Amino acid sequence: MFTLSEVASLNDILPTYRILKPWWDVFMDYLAVVMLMVAIFAGTMQITKDQVVCLPVLESAVNSRTAQLLSSENSPPVSSKFEETATEAKEKWQVTGPLGATEPSETFPTKPTFSPTNSGKSSGQPLNKDEQNPRGRKTNLDYQQYVFINQMCYHVALPWYSKYFPYLALIHTIILMVSSNFWFKYPKTCSKIEHFVSILGKCFESPWTTKALSETACEDSEENKQRITGAHSFRKHLSSSSEEGSPSPSTPMINKSGPKFSADKPVLEVPGMTILDKKDGEQAKALFEKVRKFRTHVEDSDLIYKLYAVQTVIKTVKFIFILCYTLTFVTAISFKHDCSPNVEHLTGYLEFECTHNMAFMLKKLLVSYIALICVYGLVCFYTLFWLFRRPLKEYSFEKVREESSFSDIPDVKNDFAFLLHMVDQYDQLYSKRFGVFLSEVSENKLRAISLNHEWTFEKLRQHISRNAQDKQELHLFMLSGVPDAVFELTDLEVLRLELIPEAKIPAKISQMTALQELHLYHCPAKVEQTAFSFLRDNLKCLNVKFTDVAEIPAWVYLLKNLRELYLMGNLNSENNKMIGLESLRELRHLKILYVKSNLTKIPSNITDVAPHLTKLVIHNDGTKLVVLNSLKKMMNVAELELHNCELERIPHAIFSLTNLQELDLKSNSIRTIEEVISFQHLKRLTILKLWHNKIVNIPQSISQVKNLESIYLSNNKLESLPAALFLLQKLRFLDISYNCISMIPLEIGLLQNLQHFYITGNKVDVLPKTLFKCLKLRTLCLGQNCITSLPEKIGHLLQLTHLELKGNCLDRLPLQIIQCRLLKKSGLVVEDHLFDALPSEVKEALNQDTNTTFANGI
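From a predicted model like this one, the values you see are computed outputs, not experimental measurements.

Thresholds, definitions, all that
- Residues numbered from 1 in each chain as written.
- Predicted model: local features only at pLDDT ≥ 70, side-chain atom pairs only at ≥ 80, totals over all residues.
- Heavy atoms only, no water.
- Salt bridge = Lys/Arg side-chain N within 4 Å of Asp/Glu carboxyl O.
- Helix = DSSP H or I, 4+ residues; strand = E, 2+ residues; numbered from the N terminus.
- Buried < 20%, exposed > 50% of the residue type's maximum accessible area, 1.4 Å probe, protein only.
- Phe/Tyr/Trp six-rings, centres within 6.5 Å; stacked < 30°, edge-to-face > 60°.
- Lys NZ or Arg CZ within 6 Å of the ring centre and 35° of its normal.
- UniProt positions renumbered as here; feature names shortened; annotations may be inferred.
- Core = buried A, V, L, I, M, F, W, Y, C linked by side-chain atoms within 4.5 Å.
- Domains from an automatic or database assignment.
- Contact = heavy atoms within 4.5 Å.
- Disulfide = S-S within 2.5 Å.

Colleague: Can you walk me through the pattern of salt bridges in this structure?
Modeller: For side chains of opposite charge, pairing can occur when their charged atoms come near one another. Counted according to the given criterion, the structure contains 18 salt bridges. Across the salt bridge formed by Arg292 and Glu289, the nearest N and O atoms sit 2.5 Å from each other. Of this pair, Arg292 and Glu289 both sit in helix α10 (residues 278–298), three residues apart, which is roughly one turn of that helix. Classification of Arg292 by relative accessible area gives partly exposed; the value is 34%.

Colleague: Would you mind showing me how to read the packing of aromatic side chains here?
Modeller: How two aromatic rings sit relative to each other is set out by the distance from centre to centre and by the angle between their planes. One pass over the full model with this rule turns up 29 aromatic pairs. An angle of 80 degrees between the planes, with centres 5.7 Å apart, marks the rings of Trp23 and Trp24 as edge-to-face. Each ring, one from Trp691 and one from Tyr712, has its centre 5.1 Å from the other, and the planes form 50 degrees; the classification is tilted. Residue Trp691 is found in the loop between β18 (687–689) and β19 (710–712), and its partner Tyr712 is found in strand β19; the two are separated by 21 residues along the sequence. Lying over the aromatic face of Phe204, Arg433 brings its terminal NZ or CZ to 4.9 Å of the ring centre.

Colleague: Help me out: how do you make sense of the UniProt feature "transmembrane region" (unreviewed entry) in the protein in this one?
Modeller: Those places that UniProt annotates as "transmembrane region" (unreviewed entry) correspond, in this numbering, to residues 27–47, 164–184 and 366–388. For residues 164–184, helix accounts for 100% and strand for 0%, while the C-alpha atoms at its two ends are 31 Å apart. Across residues 366–388, helical content stands at 100% and strand content at 0%; the span's end C-alpha atoms are separated by 33 Å.

Colleague: For this particular structure, what's the right way to read the nonpolar core?
Modeller: Across soluble globular proteins, you tend to see nonpolar side chains buried next to one another. Leu642, Phe679 and Phe757 are the most contacted members of the largest nonpolar core, which totals 130 residues. Considering each element in turn, this core owes the most residues, four residues, to helix α19 (residues 529–538). Two domains share this core, each providing at least three of its residues, namely domain 2 (456–562) and domain 3 (707–850). Those residues within four positions of Leu642 in sequence are excluded, and the remaining contacts are Ile618, Leu625, Leu628, Leu631, Leu647, Ile654, Asp664, Leu665, Lys666 and Asn668. Leu31, Met35, Val298 and Val412 belong to the second largest nonpolar core, which has 82 residues in total.

Colleague: Which parts of the structure should I look at to understand the state of the cysteines?
Modeller: Chemically, a disulfide is nothing more than a covalent bond linking the sulfur atoms of two cysteines. Taken as a whole, this structure holds two disulfides when the rule is applied. Covalent S-S linkage joins Cys54 and Cys354, the inter-sulfur distance amounting to 1.9 Å. Judged by the sign of its S-S torsion, about 110 degrees, the bond between Cys54 and Cys354 is right-handed. With a gap of 300 residues between them, Cys54 in strand β1 (residues 52–56) and Cys354 in strand β3 (residues 352–356) connect regions that are remote in the sequence. As far as the burial class goes, Cys54 and Cys354 line up, both buried. Through a disulfide, Cys153 is tied to Cys339; the S-S separation comes to 2.1 Å. Taking the sign of the S-S torsion, -90 degrees for the link of Cys153 and Cys339, the bridge is left-handed.

See below:
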């Protein structure tokens, strides 16, 4: 036999789950426990005390009763029947003597004679007075027969409900208990519920929740004070103005030229906790991440809601079923029962009348059970009404948004919403505290506090470095925001922010008077109005790297004093208008525009900056740049770079750029440069970069571009050099590395101004002596060729500082190399064995520093 505690455990849930138990579920649990106790009490009573007592009905009574029924057409009233039955029962109970009769009754001569068991007298002995005059009717049954009849009639005469009511009540109660808590036990929902309760408890107890809500309360009180103070001062100002008659010229007005950065406007400090323990901060940040993932996981389905609704419907249907059949059988429970067990061959009697000793108790317990079931059913109906009265798959934090400063708390849906509705029935403070961890504003505040704890002024000082331009630079990478201490670095010149999605630039940036360059790499920074005014007037260079054009802050196109703008990201032809180039007209001082993207055409809007733009750089990712007509309007451009644009020829639009000084067409697909003759009209063109293309030959017409000073033709497919190339008397830099050139023309000696000559990675085997007539050579790169000997005339190059010979077929170096007084070991690139083969005095001369050489020369 199971105990009450074992059965009641079916109704137990984890203590933490109680926050998901509304009052009706708790009430139904208590009702189920009471019903369980009623069922167990009834079952115990039935097992220990339940029985029936039966007496046989004599034949005379049966015959008379049958005759009455046959003679009467109309059946007697119900009350008469009950009186007859009562009289017969009274007569039966007045029978005296032992259970076994001593003599068979004279009324039943046909009955067989049974020997008495309890009289102890023989049939021949005389009877006493009491035995001669009995007060009741005797029967011819012994004790074992009565026991047999009692048990027989218990199963035959009693209605089944009287016998099984306690067990049915117990089974029904257990089913109701299981139905009430099934959603806590079902595998597909219990994990979500457990996770939710765990997160909810941590959110409720988190110090960050208390801090956030307390700051909200402080902010509200501060706003109220400011509102009252502002209204008072405004009335005071009105009264003073009315006394004066008109406002004086000294009345404070908004300055149209923009706010001053030395303004005395105080910054409100929100009272309350300003320090959050590092451990608590880390736990709070982890909670934000858990809540975000849990919301994503739970909002996808409504299984919990459906399961709860189904189990409520099941309980309601169960209640209706129990009530219907219980009310039907409750009238069948009675004290008296007629029994016809068909055992006449064993007892000699056809009918018996029995009494059920537990009838009254069972009836009272059943009525109590029905009352409890009715109350349970009413609560079930209320639950159904609550479930379907309003959409529980949607939850709004509108009230929380109104009461707090976190106006961005999103509404939730599906199972997430239903769980919050259930929690509200327990305590609405839980959902209010939970909402704090759904707010991005709250998360950003937490990040800011933790960030400022970690990145102090001293730590930021340690991360400052000197860049290639010898400027103080600070690079912040993958932080949750911009630390406040950054804006105290007043001598910082370059600020680089990378992968900081929540970057905000406050008014404190106006303290950084030395700041001139700002880098925003995947960092759509938000700028306060005062900070924008400072950047607009002081920022000179801005780098923006983005994935989507929407990441480019709108304020970028309003920086009127910006000199250099670098845009790196995805800008295909369909999105050119989205770049906002029409706003570039506000960049009145822009000199350099750098665009690294995937353009198919140069936006026409770029002409907005044409009057003052001096350098335009477009680096494509291999997308073919087709439309370049806009270039014709860029009359003031001095430097033009078109890299990796899949150009096959030199665009004709370039020949209209009369002020062009440098042209760089690196990494394209140019095969021929016959149009180079048109460059003769570009009188200012001095640098021509056609490297990393597919150029096969250089036309003779290149000699017409007389102002060229630098030519880059490396990494092409050149096999020879035309003599016309060496007619460019102003040429100082010539790079023809990594081609297929096998011979250097003798005409190279005509380049008397040549200072840098690169022919690395070709097939040259002999160096012409005329090469050493270029006495101004400083850099001579001859590596990775087939040169077998270096002429002694190398000593004529007195200004040579860099000589590369590595990768050739040399067996020795000429001793005249010592005459190149400016050449040192660091500038001599040769194999180690060639250097070691030099005389010691030559090696010592090459190892001397430049200052010593100059001193010796003097």
